[in-house]
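# Fold and contact review
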Amino acid sequence: MYTFTPAFEAPTGSPIRELFKYLGQPGMISFAGGYPASDLFDRDGLDAAAARASQQTTLCLQYGPTDGLPVLKEELAKLMTRRGTPCTAPELLVTTGSQQGFDLLLRVLVGAGDVVLVEQPAYPATLQALKLQQADVVTVPVDQDGLDVNALAALLEAGTLKRPPKLLYTVPTFANPTGATLSYARRIALLELATRHRFLIVEDDPYGDLRFAGAALPSLLALSAEVPGSRDWVVHFSSLSKIVAPGLRVGWTVAHAEILRRCIVAKQTVDLCSSPWTQVIAAEYLASGALEVHLPKIVAAYAVKCTTLCDALDTHLKDDIAVHRPAGGMFVWGRLAGGYDASAYLKTCIGQNVMFVPGVAFYKDNVDLASLRLSFAAPGVSDIEAGVLRMKQALERFAAV
Ligand code: PMP
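Residues numbered from 1 in each chain as written. Predicted model: local features only at pLDDT ≥ 70, side-chain atom pairs only at ≥ 80, totals over all residues. Heavy atoms only, no water.

Quick look at the side chain of Asp204 now. Looking at the element boundaries, Asp204 is found in strand E7 (residues 200–204). One buried charged side chain, Asp204, makes no salt bridge at all; its nearest oppositely charged neighbour is Lys242, positioned 8.6 Å away. (Helix = DSSP H or I, 4+ residues; strand = E, 2+ residues; numbered from the N terminus. Buried < 20%, exposed > 50% of the residue type's maximum accessible area, 1.4 Å probe, protein only. Lys, Arg positive; Asp, Glu negative; His and termini not counted. Salt bridge = Lys/Arg side-chain N within 4 Å of Asp/Glu carboxyl O.)

Attention now moves to the sheet that holds strand E2 (residues 92–96). Ordered by their spatial adjacency, eight strands build an open sheet running E2-E9-E8-E7-E6-E3-E4-E5, and the pairing between neighbours is mixed. The sheet is open, and its two edges are formed by E2 and strand E5 (146–147), each paired on a single side. Across two bridges, strand E4 (residues 136–143) lies against E5 in antiparallel orientation. Directly across from Asp143, in E5, lies its bridge partner Gly146. The sheet strands contacting helix H4 (residues 70–82) are E2, strand E8 (234–239) and strand E9 (250–254), and the helix crosses E2 at an angle near 110°. The strands touched by helix H6 (residues 124–132) within the sheet are strand E3 (115–120), E4 and strand E6 (167–170), with E3 carrying the most contacts at an inclination of about 160°. (Pairing = 2+ DSSP bridges. Contact = heavy atoms within 4.5 Å. Axes fitted to C-alpha atoms, helices over the stretch in contact; angles between N-to-C directions.)

Glancing now at the layout of surface pockets. By volume, the largest pocket amounts to about 740 Å³. Elements represented by at least two residues in the lining of the largest pocket include exactly helix H1 (15–18), helix H5 (97–109), H6 and E8. Partitioning the lining of the largest pocket into residue classes produces 16 nonpolar, 11 polar and five charged. Looking at which domains feed residues into the lining of the largest pocket, each of domain 1 (6–42 + 294–400) and domain 2 (43–290) gives three or more. (1 Å grid on protein atoms, 1.4 Å probe; cavity = no way out; pocket = protein on both sides within 12 Å on 5 of 7 lines; lining within 4 Å. Points joined across faces, edges and corners; volume = space filled by probe spheres on them. Nonpolar A, V, L, I, M, F, W, Y, C, P; charged D, E, K, R; others polar. Domains from an automatic or database assignment.)

Turning next to the packing of helix H2 (residues 43–54) against helix H11 (residues 276–287). Remark: H2 packs on H11, axes separated minimally by 8 Å, with the N-to-C direction vectors making an angle of 120°. Considering the angle they form, H2 stands oblique to H11. For the element pair H2 and H11, the recorded crossing hand is right-handed. In contact with Gly45, Leu46, Ala49, Ala50, Arg52 and Ala53 of H2, H11 contributes Val280, Ile281, Glu284 and Tyr285. (Parallel < 35°, antiparallel > 145°, perpendicular 65-115°, else oblique. Left-handed = near helix turned anticlockwise from the far one by under 90°.)

A few words now on the site of the ligand. Residues in close proximity to the ligand total 14 residues, the closest being Ser98, Asp204, Tyr207, Ser239 and Ser241. Taking Asp204, its side chain carries an N or O atom lying 2.6 Å from a nitrogen atom of the ligand. The separation between an oxygen atom of the ligand and a polar side-chain atom of Arg249 is 2.8 Å. In isolation the ligand offers 400 Å² of accessible surface; the protein chains occlude 91% of this area. Taking a 2 Å distance to the grid points as the criterion, the majority of the atoms of the ligand fall inside the largest pocket. (Near = heavy atom within 4 Å. Polar contact = N/O pair within 3.5 Å; in protein donor to acceptor, adjacent residues only side chain to side chain. Areas by Shrake-Rupley, 256 points an atom, 1.4 Å probe, with all protein chains shown as cover. Sits in = over half its atoms within 2 Å of the grid points.)

Before going further, it helps to spend a moment on the sheet that holds strand E14 (residues 371–375). Strand order in the open sheet formed by four strands is E10-E11-E14-E13, and the pairing between neighbours is antiparallel. Each edge of the open sheet carries a strand with a single partner, namely strand E10 (321–323) and strand E13 (357–358). As paired elements, E10 and strand E11 (residues 331–336) share three bridges and run antiparallel to each other. Directly across from Ile321, in E11, lies its bridge partner Leu336. Where helix H12 (residues 290–317) meets the sheet, its contacts fall on E10, E11 and E14, and the angle it forms with E11 comes to roughly 15°.

Next up on the list: the nonpolar core. With 132 residues, the main nonpolar core has Phe31, Leu117, Leu152, Leu240, Tyr345, Phe356 and Met391 as its most contacted residues. The biggest single contributor to this core is H12, with 13 residues. Each of domain 1 (6–42 + 294–400) and domain 2 (43–290) contributes no fewer than three residues to this core. Excluding residues within four positions of it along the chain, Leu117 makes contact with Val138, Val140, Leu152, Leu155, Leu156, Leu161, Pro165, Leu167, Leu168 and Tyr169. (Core = buried A, V, L, I, M, F, W, Y, C linked by side-chain atoms within 4.5 Å.)

The next point concerns the domain arrangement of the chain. Segmenting the chain into domains produces domain 1 (6–42 + 294–400) and domain 2 (43–290). Relative to domain 2, the C-alpha centre of domain 1 lies at a distance of 25 Å. Broken down residue by residue, the surface that domain 1 buries against domain 2 is led by Asp42, Ala327 and Phe362, which jointly contribute 21%. The tally of links between domain 1 and domain 2 comes to zero salt bridges. (Buried area = accessible area lost by both parts, 1.4 Å probe.)

Going through the model one piece at a time under the given rule, you end up with 11 aromatic pairs. With centroids separated by 6.3 Å and ring planes inclined at 80°, the aromatic side chains of Tyr302 and Phe376 adopt a geometry described as edge-to-face. You can see Tyr302 sitting in helix H12 and its partner Phe376 sitting in the loop between E14 and helix H14 (381–400), a full 74 residues away along the chain. For the pair Tyr302 and Phe376, one class covers both residues: buried. Taken together, the aromatic side chains of Tyr340, Tyr345, Phe356 and Phe398 make up a single cluster linked through ring pairs. (Phe/Tyr/Trp six-rings, centres within 6.5 Å; stacked < 30°, edge-to-face > 60°.)

The following block contains the structure:
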């Protein structure tokens, strides 16, 4: 009846959101969603910030500047500087979640048929956004140390890409879905490759502050100071979603002025500005120092949850599911032994009231059917242990069929 644009003729929704219908199943234990723990939100700190915000009626309730409220931009620049990735407020664009930042970047940089490199397995919303943009997505494999930079170099040298790549998307620290972190040497090598081949590195960094083991690594944006000419080739996304609350919908983009200026024009037609109300709450929250007090509590809780999950998997499913222990973030990536398909196993698990995301959701091609992602952030510690036991029971049933 209607004539849709080619990208929307037969769209498929997010494979993870498809699983949400099972969340309502009574007694379900879910390792599936990429949701932060609701009981770890800093209710008191946010209530106090919201009370202070509500005194600033006009600022909260009126339209704001498209690039973000100056008070919030100043606080975010300070946060970046505390993280060791100094930037100034004018270098930063506030977005409605970092998800919007990626959408804006694609609008200004990527046309149909443009080559975009993406780590694989990858965050599904990125794959989906690129598909809707009709980009020519070329995947680069990931291992325990993050993006395989040697494979990327070989790909760039091989001359097989239809066009020079416009950009490369990666989550270098505590990746979604693998939990992997790009090593220091690979970070430098990646910056060198981007500078030589003139493609943008899209550094998506919503999880970097959630480190519970090992020493911190500088972001690609921070490390660009070590590789001459490379800062122009890094776009950095970050977000308050995983460290404060996703309901605020506060994310930000740090990029070269030429890029940012265009993203701001794109944002004018998308939403005019991100919600000033939640921007003021976020600014008040950050200015109060509450994040520095509260974040360690979230990190400590995630450390316990991650250990609980990995220990339980080791105890009950050691020979059945191989996992890598991450040093931070929210995700554990695993592989089923025995040549089993994780999507089929998930069906049995749902019958046992436990869920995860099968790895297929994170691949564009060369799918590893045995892979799966477990998030330890949202379930409580006792549910994590119970959930792994259910996965064990499910595997016994599944293997018996
Ligand atoms: N990037 C990655 C890798 C994510 O996992 C998520 C959220 N799951 C986002 C971006 C989007 O975050 P936001 O809430 O800031 O839009």
